[in-house]
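In case you want the letters, here they are:
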Amino acid sequence: MRKLRLSERTAGAVLEAVRDLIDGGAGAGTIKLYAGAPPAAPDDPVNGQVLLATFTFSDPSAGPASGGELVFSPIADAEFAAASGRAAWARIEDSGGRRIADADAGPEGSGAALEIDRADITIGQPVRVTNARLALFKEA
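Keep in mind it's a predicted model, so treat the numbers as computed, not measured.

Asks: Could you give an account of the overall build of the protein, with specific residues and numbers?
Replies: If you tally the helices and strands in the protein, you get one helix and nine strands. Counting from the amino terminus, the protein carries its helices and strands in the arrangement α-β-β-β-β-β-β-β-β-β. Against the compact-globule benchmark of 14 Å for 140 residues, the protein has a radius of gyration of 15 Å, which places it among compact chains. C-alpha extents for the protein along the principal axes are approximately 45 × 35 × 30 Å. When the 140 residues of the protein are sorted by exposure, 37% land in the buried category.

Asks: I'd like to hear about the nonpolar core, residue by residue, with values.
Replies: Grouped together as the largest cluster of nonpolar side chains are 31 residues, with contacts concentrated most on Leu33, Phe55, Phe72, Leu114, Ile116 and Val127. When contributions to this core are tallied by element, the ones reaching two or more residues are helix H1 (8-23), strand S1 (30-35), strand S2 (50-56), strand S5 (89-93), strand S6 (99-107), strand S7 (114-116) and strand S9 (129-135).

Asks: Tell me about the side chain of Thr30, and please be specific about residues and values.
Replies: One can find Thr30 in strand S1. When its relative accessible area of 16% is taken as the criterion, Thr30 is described as buried. Not counting residues up to four positions away in its chain, the partners in contact with Thr30 are Thr54, Phe55, Thr56, Phe57, Arg91, Ile92 and Glu93.

Asks: A description of the sheet that holds S9 should follow, citing residues and the corresponding values.
Replies: Ordered by their spatial adjacency, seven strands build an open sheet running S2-S1-S5-S6-S7-S9-S3, and the pairing between neighbours is mixed. A single partner strand is all that each edge strand has here, and the edge strands are S2 and strand S3 (69-71). Across the sheet, the mean angle separating the axes of adjacent strands is 25° when strand polarity is ignored. Pairing between S1 and S2: six bridges, direction antiparallel. Paired with Tyr34 across the strands is Leu51, a residue of S2.

Reading the values: the criteria
Residues numbered from 1 in each chain as written. Predicted model: local features only at pLDDT ≥ 70, side-chain atom pairs only at ≥ 80, totals over all residues. Heavy atoms only, no water. Helix = DSSP H or I, 4+ residues; strand = E, 2+ residues; numbered from the N terminus. Rg over C-alpha atoms; globule rule 2.2 N^0.38 Å. Buried < 20%, exposed > 50% of the residue type's maximum accessible area, 1.4 Å probe, protein only. Core = buried A, V, L, I, M, F, W, Y, C linked by side-chain atoms within 4.5 Å. Contact = heavy atoms within 4.5 Å. Pairing = 2+ DSSP bridges. Axes fitted to C-alpha atoms, helices over the stretch in contact; angles between N-to-C directions.

Structure below.
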């Protein structure tokens with residue numbers, strides 16, 4: 001297997017490019033929270049996974065990356081969950097619905113890229129993002 005190791009400066013540039021893609025378009029990007037296993041790649045369509053909630057990023061979505069991480073600005077709560085299920089992953093899109101990335105999701109304190117107030121979502125209930133950040137993997 002081939003590995004690519006990035007300097008912190010390069011990792012920051014990559015993450016800021018992701019931020020710029022999220023912020024591209026006429027408005028704020030979105031995060032769609034799903035139950036079920038994610039597709040093999042972000043370019044693959046959602047097929048049978050349950051959409052639990054949709055969140056809207058601040059615009060801009062984040063400031064500069066630091067220490068190999070991109071920490072997102074506060075994200076608006078989803079007023080009503082669209083369905084019931086256990087949160088597993090999220091799809092990040094720009095305001096035009098163009099796919100940017102898929103990320104893991106879990107309850108607060110889980111260390112997931114998208115942390116929410118609880119893992120088990122109930123239809124009609126509000127859902128709150130407690131922490132959202134992207135990081136590039138580093139070798140220990």
